[in-house]
Amino acid sequence: MKLTVVDHPLVQHKLAIIRDKNTGNKEFRELMEEVTMLMAYEAMRDLELDPVTIETPLTTMTAHMLSGKKLAVVAILRAGLIMVDGILKLVPAAKVGHIGLYRDPNTLQPVEYYCKLPSDIAERRVFLTDPMLATAGSAVHALSILKAKGAHHIKLMSIIAAPEGIKRVQEAHPDVEIVVAAVDSHLNDHGYIVPGLGDAGDRIYGTK
Ligand code: PRP
Ligand code: URA
């Protein structure tokens, strides 16, 4: 399935600051939200439009507005939460779901601890958010949860991805489009993306 890399100069500029180890939590959070908004602009390029008749101060015209197809943003906790507000600023009527996963530091396997989704998730176009796509254990697990609940039109939005993670999602969920801001070099022995940005959750919430 399609991989979109949103490498607009604004995104690359903000990502350089995000990656810098000297960037503090406040600026890190603000820039993650801004990058998410710029990515969402591309991720939502194929939203359906309906013609509407409106009156400008000069004349009547046919304009186009979003068709009202239902949207959902689903965040993989914790770090995926940082991407939700940026998307909601663009599509405020979207419903929000949460999937709580953490990666066991020894096995690198995802451990599920929470799941709350909109009851009509099967009818919604879903944007699944997690800033880091590393081994993809978390994303593949979250996508399986969404599909088990009936969701079938899903895009995965990650800010930085490793090639290994992209490949694994494409193999496990070939129908899911992936939208990222950067594809990095590789994973290190601890499953961290290199060069990456470090631990996203810790940098967002200051927990290190
Ligand atoms: C991080 C990140 C992803 C996951 C990516 O979460 O936010 O969810 O790791 O790694 P993977 O692709 O190898 O699964 P983490 O487990 O650190 O939990 P946190 O967001 O609660 O800190
Ligand atoms: N999780 C993170 O937060 N960072 C990585 O590089 C990999 C997984």
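Labelled according to an unreviewed UniProt entry, the chain appears under the name Uracil phosphoribosyltransferase, originating from Meiothermus ruber. Regarding the chain, the UniProt comment filed under Catalytic activity (unreviewed entry) reads as follows: "UMP + diphosphate = 5-phospho-alpha-D-ribose 1-diphosphate + uracil".

1. A look at the UniProt feature "binding site: 5-phospho-alpha-D-ribose 1-diphosphate" (unreviewed entry) in the chain
Mapped onto the present numbering, the UniProt feature "binding site: 5-phospho-alpha-D-ribose 1-diphosphate" (unreviewed entry) falls on Arg78, Arg103, Asp130, Pro131, Met132, Leu133, Ala134, Thr135, Ala136, Gly137, Ser138 and Asp199. Within the secondary structure, Ala136 sits in the loop between β8 (132–133) and α4 (137–148). Assessed through its relative accessible area of 3%, Ala136 is described here as buried. With sequence-adjacent residues up to four places away left out, Ala136 is seen in contact with Gly165, Arg168 and Val169. Within the fold, Ser138 resides in helix α4. Once you skip the residues sitting within four places of it in the chain, Ser138 turns out to touch Ile76, Leu101, Pro110 and Asp130.

2. Things to note about the site of ligand 1
Surveying the vicinity of ligand 1 reveals 15 residues, the closest of which are Arg103, Asp130, Thr135, Ala136 and Ser138. One nitrogen or oxygen atom from the side chain of Asp130 is found 2.5 Å from an oxygen atom belonging to ligand 1. Measuring from an oxygen atom of ligand 1, one finds a backbone N or O atom of Ala134 at 2.9 Å. Taking 490 Å² as the accessible area of ligand 1 by itself, protein coverage stands at 90%. Listed by contribution, the elements that provide at least two residues to the shell around ligand 1 are β5 (95–103), β8 and α4. In terms of residue class, the shell around ligand 1 is made up of seven nonpolar, four polar and four charged.

3. So, a nonpolar patch on the surface
Taken together, the side chains of Leu3, Val5 and Val183 define a hydrophobic patch exposed on the protein surface, amounting to about 190 Å² of accessible area. Mapped onto the fold, Val5 is located in strand β1 (residues 3–5). Residue class for Val5 comes out partly exposed when judged on its relative accessible area of 33%.

4. Describing the packing of α4 against helix α5 (residues 163–172)
Where α4 meets α5, the axes come as close as 9 Å, and the angle between the chain directions of the two elements is 25°. It follows from the interaxial angle that α4 and α5 lie roughly parallel. The handedness of the crossing between α4 and α5 comes out as right-handed. Within the contact between the two elements, α4 uses Gly137, Ala139, Val140 and Leu143 and α5 uses Arg168, Val169 and Ala172. Grouping the constituent residues of the contact of α4 with α5 by class yields five nonpolar, one polar and one charged.

Cut-offs used in this document
- Residues numbered from 1 in each chain as written.
- Chains lettered and ligands numbered in written order.
- Predicted model: local features only at pLDDT ≥ 70, side-chain atom pairs only at ≥ 80, totals over all residues.
- Heavy atoms only, no water.
- UniProt positions renumbered as here; feature names shortened; annotations may be inferred.
- Helix = DSSP H or I, 4+ residues; strand = E, 2+ residues; numbered from the N terminus.
- Buried < 20%, exposed > 50% of the residue type's maximum accessible area, 1.4 Å probe, protein only.
- Contact = heavy atoms within 4.5 Å.
- Near = heavy atom within 4 Å.
- Polar contact = N/O pair within 3.5 Å; in protein donor to acceptor, adjacent residues only side chain to side chain.
- Areas by Shrake-Rupley, 256 points an atom, 1.4 Å probe, with all protein chains shown as cover.
- Nonpolar A, V, L, I, M, F, W, Y, C, P; charged D, E, K, R; others polar.
- Patch = residues over 30% accessible without salt bridge, like charges linked within 9 Å, V, L, I, M, F, W, Y side chains within 5 Å.
- Salt bridge = Lys/Arg side-chain N within 4 Å of Asp/Glu carboxyl O.
- Axes fitted to C-alpha atoms, helices over the stretch in contact; angles between N-to-C directions.
- Parallel < 35°, antiparallel > 145°, perpendicular 65-115°, else oblique.
- Left-handed = near helix turned anticlockwise from the far one by under 90°.

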